[in-house]
Structure formats: C-alpha cells, structure tokens
Amino acid sequence: MKKRIFVCALAQESNSFNPIPMGMDSFHPHSTAVSGYENAIGARAVLESEDVEAIYGITMRSNSGAPLAREVVDYFFEDTLGGIKKAGRLDGVLLLLHGATMSEDSDDVCGDLCELVRKTVGEETVISAAFDLHANITEKVAKNLDYICGYWEYPHIDQKKTGERAARMLCDHLFGKKRRTARAAIPMIAPAHAYTTTVGALKALNERAQAMIGEGRIADYTVFQVQPWLDNPLAESAVVVIADDERTAIEAANELALENFNNRKELQGKPLFSVEEVIEKALANKSGKPIILVDSADSVGAGSTGDSAAVLEALLPYADRLRAATMVRDAFAVGKAFEVGVGNSAEFTLGATISKKLSRPVSFTAKVRSLHTGDFYIRGPIAAGDKSSTGKTAVLEIGKLLVRVSEYVGAVFDTNYYNSFGISIENCDLVGVKACTSFRACYEAVAGEICNTSTAGAACPDLFALPYERLPKPTYPFEEISERDIKAARIYR
C-alpha cells in the first residue's frame, strides 16, 4: 500500500513595523499553485521519485509585509485542516513555510499551524517542514514537527534544495530510516543586510556543518538567523540538527549553536554609510562599475512598503552630474506617467502613498522616458528564468537620473529589474537597490562597491532606531549575553 502524504504551503514573512495589514488581497495575484513554488518544486521531485501518493492542499504566498489579518489565517487553517480530514488515512504531512509569520492574533502562526496539524493527524503521523533561514523556530514548532529543514544559503539560492531535503527526511522515515531532531536557541537577532553565507563567519559555520554531513556524523542541519523585524516575545535564533541518534543530534546542535553565539558581533555588520557618503563615492567612482546604494530599510522582501522616495530626494540635486538609477513603488505616479505619455514632461509627486508614516512624498519635474507592462524574466541565479511582474511600470528621466516607478514590487533583487526596462546598470555611476542581501547573488559581479546605507523604513538596518517593545530580555545586541544564555539543545519528539 502506498504511503500517503499531504502537502501544503504558507509563505509570508512578517514585519512588526509595517503598519499596513496584510489581508486576503495581499495574496492575489501573487499566490501560485504548489507546483510553482520553489520549495515545492524540490519537494515534488522527491515525492514523485518515491512510492508515495501526494495529496496537495492549498498554497498561499505573498511578499513580506505586516502581520497577517485574521481572515488570512482562518482561511488557510480551515482549508488545510479540512483538506487533511478529507484526505483520510495519512502517513505523513509536508509543510512548506516561511516561519517568521505573525498575525494580529498570534506571535507564532507557524507554531499554531504545526500544533493544529499534529492534533488532527495524531502522534504517529510523520510531519516534516521546510523553512526560510530567517524563520522563528519556536518551541511550539519543535514540539510538533519530526523534521525541520531550512535554507542553508543567504542569499537564498537553495529554496528548491530545501524542499528536497524536507521531503527526503519525511520519505526516509516512512521507509524505515528514522532520525532525531534537536533544537538549540540563542537569544539574539542581527540585521539581515549585515551577513551572508558566501564569506566570513557564516560561511565558516556552514562549512563546518557541511563537513559533519560529509563525515556521516549528522544527516541535516540549519542555522536559523531569526528575522530581526519581529517585535515578538518568542523571537530568537536557533540551530537545528538531524542525526541518526539523539546524543549526536544534541551534541552537534550545541556545538553549532556555540559557534553561532561566538559570531554574534560580526553578524551585526560594519557601520552603515549615509546616503550622502554613497553619493560622494559615486561622484568619485572611476571603476567603470556602479556603486550600489543598498536601501534595505524599504525592502519589500524584508516586509517594508517599497514606496519611500528618500533616496530619490537625496539624488535630485545631483541629477545633472550623476548617472544614477533608483526605484519607487507608486501606482498613482505610474498612472500619471501613462496619461502624460512617452517623451512628454510633467510635474510628479512620488512616494509615501502606502505608508505615510515611514517616508514623505517628493515633487519634481520629469520626462516620461518609457512605459511598460512590468513583466520581465529573472536573470538569476535566484529563480533564474522565472517571470516577474511589477504591474504597470514607467521610467522617468530627470537629467541623468532614471527613476523606475511601478505599481507593485517584484524581483527587485535581480539586475533585470532595471536592465529589462532600458536602464543599463552597467552604464550607471550609482544604482539604488531595495533589498537586504538577496541582490548580492546577481549584483556582486557587476558592482564597483556595495554600500549598506542608513535609511529609514520598516526594515531599518539600524536596529537601535526601531521601537522594539516586546523582545524577550536579554536579546543581543540590546543586552549582552553569555554562553549561559544559550538554550541547550533538546529533542522535542
């Protein structure tokens, strides 16, 4: 008799400082079938290679943003639990989640989901889950899942592989290879712009963990650097290790957790540049490659609104001197550009159309250089070849300054976000990018220098500038911590 597995997905990263609630409309038209989700593509490949029957439930995906409205959680939970009950006999459940998801009612939406699924399927059914590297892996999550797998890479270039790993752990268990999962936790957060797994401390930590897998000591691991814009009493970073026996899983998790704790200062990153400092670098730039101004505070990928015109405002006085490109989300300005028409000039007011508290509007005269549907194909390596859409899009020209204005924010991390719309970043002195670290996978090869910049927004990179009220104490970097504050690894199931 074939093993039967239920699969569903909820992928939303919450930001406590984004004031715009995320209702059902936030999941349309961005929601896709399970088959179109990178984690699920990897999971499906494994499930199709095994003698199992997969029953696919609902997938809900959105951009990062504010905590979810009650209606979204209720809809997903009811559909998922109803689908599980309707499916009948199940041997396993595979959950494809982000993991840093809050709602107006809960600090731990994914923990709530895992608990409800566990109560529905019982203690003997195996539950495995795939998560983002920035997930908040709470005790409630660990108590209800048999296997926990998260992204290894940042930038996130291994979503598909993570789905494969989570599905593999589940299938191995169903066919006789049972393993144990240990979780350790560290009370710390770090700004997402400040670290990457391609260099430095996290690269070394990943290599150490990969060596453990290569030696056969462990089967899987994840070092979860919790999303830092969760003003949440449950927020903490975690290390999860999967091994063949309990003792090994616990020992390895404790070792990796200690090393991650020792990295805590490096993970806070180097001092941020001011916008003016980056502009001065661009004016003096002779490399032939653009200076990248990282406006991570307004990164939709980190839960901000994408509608800040602060960088644009700073660039306007240099419009005749500096070949620069920047981006703003503003449906009203796009509508006006379509009315004005290509080649014509008009007065525009840009910015602060979504969140009026995080930024302010900026007014200027510009020529409409081009108009677009907003569709483009991603260069990669992240999601290479996938189609992205930003809705109606206009390119405005102010001297040498080009402003990409769109209704929505799509794959902002990709160089084709500019290049596909006639903005050649290779010919720019300065390029503004509203992302934290994902953009590095595509931009590092073409950048003269990448400058993490101090700007305001819901994903502000200066954590001390944000109004945290609910973080547990101690939480580094707001309070110093010691090895004694590390929560030792435990097997929860």
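Residues numbered from 1 in each chain as written. Predicted model: local features only at pLDDT ≥ 70, side-chain atom pairs only at ≥ 80, totals over all residues. Heavy atoms only, no water.

Draft legend 1. Representation of the pairing of strand β15 (residues 393–398). The element β15 is extensively covered by neighbouring structure, given that 5 of its 6 residues are classed as buried. Here 5 bridges tie strand β12 (residues 362–372) to β15, and the two strands are oriented antiparallel to one another. Within β15, the position partnered with His 372 by the bridge is Thr 393. Inspection of the sheet shows β15 paired to strand β16 (residues 401–406) by 6 bridges, in the antiparallel sense. Within the sheet, the bridge partner assigned to Val 395 lies in β16 and is Arg 404. (Buried < 20%, exposed > 50% of the residue type's maximum accessible area, 1.4 Å probe, protein only. Helix = DSSP H or I, 4+ residues; strand = E, 2+ residues; numbered from the N terminus. Pairing = 2+ DSSP bridges.)

Draft legend 2. Here's a closer look at the confidence of the model for the protein chain. Looking at the protein chain, pLDDT values average 95 and 98% of them are 70 or higher. Note that pLDDT drops below 50 for residues 29–35; the model gives that stretch 15 contacts with residues more than four away or on any other chain. (pLDDT = per-residue confidence, 0-100. Contact = heavy atoms within 4.5 Å.)

Draft legend 3. Just the pattern of salt bridges, in detail. Within this structure, the stated rule accounts for 35 salt bridges. Residue Lys 434 pairs with Asp 298 through a salt bridge whose shortest N-O separation is 2.7 Å. Highlighted residues: Lys 434 in the loop between β17 (430–433) and α12 (440–443) and Asp 298 in the loop between β9 (291–294) and α9 (310–315), separated in sequence by 136 residues. Considered together, Lys 434 and Asp 298 belong to a single accessibility category, that of buried residues. The salt bridge partner of Glu 313 is Arg 360, with a shortest N-O separation of 3.0 Å. Here Glu 313 is found in helix α9, whereas its partner Arg 360 is found in the loop between β11 (345–350) and β12, with 47 residues between them in sequence. Within this structure, Glu 50, Arg 168, Asp 172, Lys 177, Arg 179 and Asp 244 form a network of salt bridges that share partners. (Salt bridge = Lys/Arg side-chain N within 4 Å of Asp/Glu carboxyl O.)

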